[in-house]
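Coordinates in review
Residues per chain are reported as follows:
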Amino acid sequence: MDESPPPPPDDAPDTQTPPPPRTIHTGSPTDFLKGVVGKKVIVRLNSGVDYRGVLSCLDGYMNIALEQTEEHVEGNVTNRYGDAFIRGNNVLYISAAEEL
């Protein structure tokens, strides 16, 4: 005989509400990068260091110029820079830090 508890009734409140779905953008990487110029971004380097700031500009080699930049190492702010320039071959990824 099955000893498992009966399922909750349909009118019982949900005890585990799933998180809201993430916004999915189906555009190209170029469209994404054009859309985040002038917005806050997170740039992760191959070394694991994060730079957070406003994306000023970038080029085809992924060389990046950031404004109001903070350097994060293991989640802690280690430095603050007015402007920062990051060479593209060091970039692992760029993500939006704010909703697009």
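For the structure, see preceding data.
Quick summary incoming for the structure in this document. (Residues numbered from 1 in each chain as written. Predicted model: local features only at pLDDT ≥ 70, side-chain atom pairs only at ≥ 80, totals over all residues. Heavy atoms only, no water.)

Observations concerning the sheet that holds strand E3 (residues 64-73)
- Taking strand neighbours across the sheet as the criterion, the five strands line up as E4-E3-E2-E1-E5 in an open arrangement whose pairing is antiparallel. Of all the strands in the sheet, the pair left with one neighbour each is strand E4 (76-86) and strand E5 (91-96). Sheet twist, expressed as the average angle between the axes of neighbouring strands with direction ignored, equals 25°.
- Pairing analysis gives five bridges linking strand E1 (residues 40-45) to E5, with the strands arranged antiparallel. When the sheet's bridge partners are listed, Leu 45 is paired in E5 with Val 91.
- Along the sheet face, helix H1 (residues 29-36) touches E1, strand E2 (50-58) and E5 and points at about 60° away from the line of E5. (Pairing = 2+ DSSP bridges. Helix = DSSP H or I, 4+ residues; strand = E, 2+ residues; numbered from the N terminus. Axes fitted to C-alpha atoms, helices over the stretch in contact; angles between N-to-C directions. Contact = heavy atoms within 4.5 Å.)

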